[in-house]
Amino acid sequence: MSSTRRWPVPGRQAILALVMGLCVFLLRSGPTVAAEIAPTKFVTANGITVLILEQHFLPIVEIHALIKTGSSQDPPDKAGLANLVASLLDEGTTSRTSKQLAEQIDFVGGSLEAKASEDFTTASARVLKKDIDLGFTLLADMLQRPAFHKQEFERVRTQLLGEMASDNDDPGHIAMKAFNQLVFHGHSYRWPVNGTEETLHKITLADVQGFYGREYSPSQIILTIIGDVTLEQATALTQTHFGSWKKGAAAVRNMKHPLPVERKTVQLIEKDLTQSTIVLGHAGIQRTHPDFYSVTVMNYILGAGGFSSRLMDSIRDKQGLAYGITSHFDARLMPGSFWVNLQTKTETTNQAIVGVLSEIKSIRDAPVSDQELAEAKSFLIGSFPLRFDSTAKLANVLAQVEFYGLGLEYFSDYPKWIDRVTKEDVQRVAKQYLDPKRYALVVVGNLAKAKIKR
Amino acid sequence: MRVVTERMPTLKSVTVGVWVNAGSRDEQSSQAGYSHFIEHMLFKGTSKRSSADISREIDALGGEMNAFTSRETTTYYVKVLDQQLQRALELLSDLFLHSRFAPREIEKEKQVILEEVRMVRDDPEDLVQELHSGQVLRRHPLGRPILGQEKTIREIRRIDLLRYVETHYDPRQTVISIAGNFDQAHLDPMVARYFGKGRWAKTNPANGRHPPDLHGGVLLKKKRLEQVHLCLGLNGIAAGHEDRYALYALNTVLGGSVSSRLFQEIREKRGLAYSIYSFLSGYSDSGMITVYAATRPKEVDRVVDLVCREIRRIGDKGVERKELEQAKTQMKGSLMLSLESSHSRMSKLAKDELTHGRHVSLEDMLDQIDRVGEEQVLHVGRQFFKLDSLAITGLGPLSSRSLQASR
């Protein structure tokens, strides 16, 4: 820990940290005003959706592929399959070993990544302009010709088991894993993206090859290219590197909605810790739901990361119970979840839970103030351009806008949609999508001392 | 106060940072945690704004405002769209110059910070690094946790914080760094207006620093966890040292990337650890090389042996010519790719000023990386990559026989 900050940074995840020493600058930016985001979109003959956006102020290019498959497509007894396939993409192709891929990208100072999530998988290359051809070559190789060697398969699986063991030392991870099992009971969002020890052991190499064969084909790909490249060059490179990829059949999709949490459900997990990690919540909404923007404003006021949110004010500032507290609506292709998470010292566990429920209740019971509404809108609209102020962030956002079918006018319309939300909308969606009676509660910590009231 | 700026006209954002050249190492042991506590208190009310006003205004700016404390610096920064620059400067200067340190707010903030201390205690990766610093640096102020100790935090009084600010928040030791889109002609008078009347400290805090002695040895702490978390440490060099690029290159080869020897040997080839990397810490007068790994309890000795083998290999033989060239290309590439944002430029400007007293251009840095030669690398490798002063810290389900050979 080289430094420590005043506000918790949201989304602090245990990703593999490769600290180089020289480059201690982790944040990237370079905002673009919403209206300026007008990428060129086309579909190639073999079915790839391509989005190209020229940005010439820095010699950087981001090549980003979104594959329309994720852990929600895992067979129930083989959770972790989509993630294992993604993890194997850069572990060797028919013409490059895993080490060669790592060396070729490292030696130009670029980066290559592949990562699965619930709804989709991403694979991307970030390079300097002069290395653009290499970036395309490696990404295309990974996506079209992964080797899936038996040896690499076994090795990566062992690594993933190691990752799980590390996750099991992280109380936040343990709590979320248990929470998802309660909220997504019987649904494909139930399991962690990387699976469980049990399901990972059941996956065979044939499963990996089968999943890849079914799910990875040109029509499943949204390819986003952003940076110091011309439209002609990007189009030509796409044709050269992805043009010969054979068309596949459309994938079959299961779009089952999760069942609601029927009653208050409590799960307590014993761990020898000084703090209790608390997660409380229930089912949420779909990304494409018309109420998404009203929910965004409501959740912002309740506790979505703002310094002046009600939860922050009550739990941290007034009661001093936690360093950080945040509420989330994770809106996905199918309805996701709503949850509040925090860590507090063991002795104040009950007090914190009562505090959270009381804020959920109060945002349902009375309209928010004019000032709260105005401030929420001002933040959401004002900070909107900073959400895609680097090539990497913008590529991610653009690909998701396309994936969820939000339309490219999203960038100019977002401020309007937020601005349209009224106090009545906020209270209506609070009543409709928050429930202080029927929820799942998970506490990880020293249970004997915490004496949690069920 | 020194002001350093860099215009990035293609951006729409601007980041302003106020860097105070004082951090946890400048505290007496009875003051452990003061720098960080003050960093929190600057958001808790000024003569014209309440704590709630500050939170609301930060949110209303639609940007990002935060602060962080390290061992040698305390930084307050704000990143906003360019048209909000004046409001951001005004708010930042109000916090910086007119905070009230109200006793009620101090008492409440103690609880928040104590929760932060507990969070570190429950996070094995953070905790092992903290234990490791304490083990390598013993009683030296650099070895203390930045957050301080429960006892010193509980005992903090308003007067203690005010005295600390008076001695340590010295305008001569403060750098304002601004990068992004702005108009220089408008910026200068704005900065003068909001920061021109700073308080003057009585002493120069950085003068009290003295370099630490690093200690080797093995420290094992048993804890009920699934994995054993390990830190291995060697002596390094100061932030501005002339050999720093040679050491960066060696670190890149050792464990600074996915093609590095440690990553390839331990993770990729043998699957012994999911997480393994090495990094350099550079302070104004000293530095450290640290390797971190998380592994299964039964593999601890093997992982430590392999890390030692790679350290010794670099100490004895240096690195191959091809590897050095590749490391240099990689360092240059990542350096260029890392300077995309106004935030990273702002940090670089401030660090250059604090470390070198001048701006070091990107071209200069690239040039210095280019000039790293085989002889220099061999020499630096011999000097630092040796096991006689190696420090090892382990946290997790360790058996009494773990690491017996290393002890």
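Below you will find a few notes about this structure. Note that the structure is a prediction, hence the values are computed from the model and not measured. (Residues numbered from 1 in each chain as written. Chains lettered and ligands numbered in written order. Predicted model: local features only at pLDDT ≥ 70, side-chain atom pairs only at ≥ 80, totals over all residues. Heavy atoms only, no water.)

### Here's the deal with the overall build of chain B
Counted only if it meets this: Secondary structure elements are taken from DSSP: a helix is a run of H or I of four residues or more, a strand is a run of E of two residues or more, and numbering for both begins at the N terminus. Think of it in three bands: with a 1.4 Å probe and only protein chains considered, a residue is buried below 20% of the maximum accessible area for its type, exposed above 50%, and partly exposed in between. Areas reported as accessible are Shrake-Rupley estimates using a 1.4 Å probe. Residue values count occlusion only from the protein chains shown. Positive: Lys, Arg. Negative: Asp, Glu. His and the chain ends are not part of the count. Charge positions come from single atoms, namely NZ of Lys, CZ of Arg, CG of Asp or CD of Glu.
Looking only at helices and strands, chain B has 15 helices and 10 strands in total. Counting every position in chain B, which comprises 407 residues, the buried fraction comes to 64%. Within the structure as shown, chain B displays about 15400 Å² of accessible surface, and the carbon and sulfur contribution to it stands at 47%. Separation of charge centres in chain B, based on 60 positive and 54 negative side chains, amounts to 4 Å.

### Section: the side chain of B:Gln31
All names here are of chain B. Let me state the cut-off plainly: By definition in these notes, contact holds between two residues if any of their heavy atoms fall within 4.5 Å.
Here Gln31 is to be found in the loop between β2 (13-20) and α1 (34-41). On the basis of relative accessibility, which here comes to 17%, the residue Gln31 falls in the buried class. Not counting the four nearest positions on each side in its chain, Gln31 is found in contact with Asp26 and Tyr164.

### Some details on the packing of aromatic side chains
What counts here: When two rings of Phe, Tyr or Trp (its six-membered ring) have centres within 6.5 Å they constitute a pair, described as stacked for plane angles under 30 degrees, edge-to-face for angles over 60, and tilted for the intermediate range. Over a ring means this: the NZ of a Lys or the CZ of an Arg is within 6 Å of the ring centre and within 35 degrees of the ring normal.
Overall, the coordinates contain 30 aromatic pairs over all chains when judged by the stated rule. Centre to centre, the rings of A:Phe384 and A:Tyr410 are 5.7 Å apart; their planes meet at 70 degrees, and the pair counts as edge-to-face. On the criterion of sequence distance, the pair formed by A:Phe384 in the loop between α12 (370-382) and α13 (391-403) and A:Tyr410 in helix α14 (residues 410-419) is long-range, its members being 26 residues apart. We classify A:Phe384 as buried; its relative accessible area is 1%. When the centroid spacing of 6.0 Å and the interplanar angle of 70 degrees are considered together, the rings of B:Tyr76 and B:Phe96 count as edge-to-face. One end of the pair, B:Tyr76, is in strand β4 (residues 74-81); the other, B:Phe96, is in helix α3 (residues 85-98), with 20 residues separating them in the sequence. In this structure an aromatic cluster arises from ring pairing among A:Phe292, A:Tyr293, A:Phe384, A:Phe388, A:Tyr410, A:Phe411, A:Tyr414 and A:Trp417. Above the plane of the ring of A:Phe292 lies A:Arg287, whose end atom (NZ or CZ) is 3.7 Å from the centre.

### A short note on the interface of chain B and chain A
Convention followed: The term buried area denotes the loss of accessible surface (1.4 Å probe radius) that occurs when two parts are joined, taken as the sum for both partners. Each reported salt bridge corresponds to a side-chain nitrogen of Lys or Arg within 4 Å of a carboxyl oxygen of Asp or Glu. As used in this structure description, the phrase polar contact means that two N or O atoms lie within 3.5 Å; if the pair is within protein, one of them must be able to donate a hydrogen and the other to accept it, and residues adjacent in sequence are counted only when both atoms belong to side chains. Three classes are used: nonpolar for Ala, Val, Leu, Ile, Met, Phe, Trp, Tyr, Cys and Pro, charged for Asp, Glu, Lys and Arg, and polar for all others, with Gly counted as polar.
Across the contact, 94 residues belong to chain B and 82 residues belong to chain A. Across the chain B to chain A interface the summed buried area is about 8000 Å²; carbon plus sulfur atoms make up 57%. The interface formed by chain B and chain A includes 8 salt bridges. One salt bridge connects B:Glu340 with A:Arg126, and the closest N-O pair in it is separated by 3.0 Å. Joining chain B to chain A, the criterion identifies 31 residue pairs in polar contact (both at pLDDT 80 or more). Considered class by class, the residues forming the side of chain B that touches chain A number 32 nonpolar, 34 polar and 28 charged.

### Topic: the nonpolar core
The condition is simple: The criterion is simple. A nonpolar core is a set of buried Ala, Val, Leu, Ile, Met, Phe, Trp, Tyr and Cys residues joined through side-chain atoms within 4.5 Å.
Counting residues in hydrophobic clusters, the biggest one holds 67 residues, and the most contacted among them are A:Val297, A:Val356, A:Phe411 and A:Leu434. For this core, the element with the highest residue contribution is helix α9 (residues 292-302) of chain A, accounting for 8 residues.

### A short note on the sheet that holds strand β8 (residues 265-270) of chain A
Residues and elements named next belong to chain A. The condition that has to hold: One bridge is not enough; two strands pair if DSSP finds at least two bridges between them. Note on method: axes are straight lines fitted to C-alpha atoms, helices fitted across the in-contact stretch only, with angles between N-to-C directions ranging 0 to 180 degrees.
Read across the open sheet, the 5 strands follow the order β8-β12-β9-β11-β10; overall the sheet is mixed. Edge positions in the sheet fall to β8 and β10 (325-330), since each of these pairs with one other strand and no more. Going across the sheet, the axis of each strand differs from the next one's by a mean of 15 degrees, ignoring polarity. Two elements, strand β9 (residues 275-283) and strand β11 (residues 337-345), share 9 bridges in a ladder whose sense is antiparallel. By the bridge assignment, His282 is partnered in β11 with Phe338.

### Details of unusual backbone geometry
All names here are of chain A. Positive phi, normally seen in glycine, also occurs at Phe148, with a value near 50 degrees. Relative to the assigned elements, Phe148 resides in the loop between α3 (132-144) and α4 (150-167). Note on Phe148: relative accessible area 7%, which makes it buried. Non-glycine residue Lys451 carries a positive phi angle of around 45 degrees. Relative to the helices and strands, Lys451 resides in the segment after α16 (447-450).

### Comments concerning the sheet that holds strand β2 (residues 40-43) of chain A
Residues and elements named next belong to chain A. The mixed open sheet is built from 6 strands, whose spatial order is β2-β3-β7-β4-β6-β5. Looking at strand neighbours, the two that pair on one side only are β2 and β5 (111-116), the edges of this open sheet. Neighbouring strand axes in the sheet, compared pairwise and without regard to direction, differ in orientation by 15 degrees on average. In this sheet, strand β3 (residues 49-54) lies alongside β2 in antiparallel orientation, the contact comprising 4 bridges. Pairing of Lys41 across the sheet is with Leu51, part of β3. Sheet strands touched by α3: β4 (60-67), β5, β6 (121-128) and β7 (221-227). Its angle to β6, the strand with the most contacts, is close to 160 degrees. Across the sheet, helix α8 (residues 231-242) touches β2, β3 and β7, and the angle it forms with β3 is around 150 degrees.

### As for the pairing of β11(A)
Residues and elements named next belong to chain A. The buried fraction of β11 is high, at 7 of 9 residues. By the bridge criterion, 6 bridges tie β10 to β11 in an arrangement that is antiparallel. Within the sheet, the bridge partner assigned to Ser327 lies in β11 and is Val340. Connecting β10 to the antiparallel partner β11 that follows it, the hairpin turn spans 6 residues.

### A look at the environment of B:Phe37
All names here are of chain B. Tracing the sequence through the fold places Phe37 in helix α1. We classify Phe37 as buried; its relative accessible area is 1%. Between the C-alpha atoms of Phe37 and Glu226, which are 189 residues apart in sequence, the distance is 33 Å. Apart from the residues lying within four places of it in its own chain, the contact partners of Phe37 are Ile106, Glu109, Lys110, Ile113, Ile153, Ile156 and Leu161.

### Some thoughts on the pattern of salt bridges
Applying the stated criterion across every chain yields a total of 69 salt bridges over all chains. A:Arg145 is paired through a salt bridge with A:Asp141; the nearest N and O atoms lie 2.9 Å apart. Across the pair B:Glu105 and B:Lys44 runs a salt bridge whose closest N-O atoms are separated by 4.0 Å. One end of the pair, B:Glu105, is in helix α4 (residues 103-121); the other, B:Lys44, is in the loop between α1 and α2 (51-60), and 61 residues separate them in sequence. In terms of burial, B:Glu105 and B:Lys44 fall into one category: buried. Via salt bridges that share partners, A:Arg316, A:Asp317, B:Lys44, B:Glu105, B:Lys108 and B:Glu109 belong to a single interconnected network.

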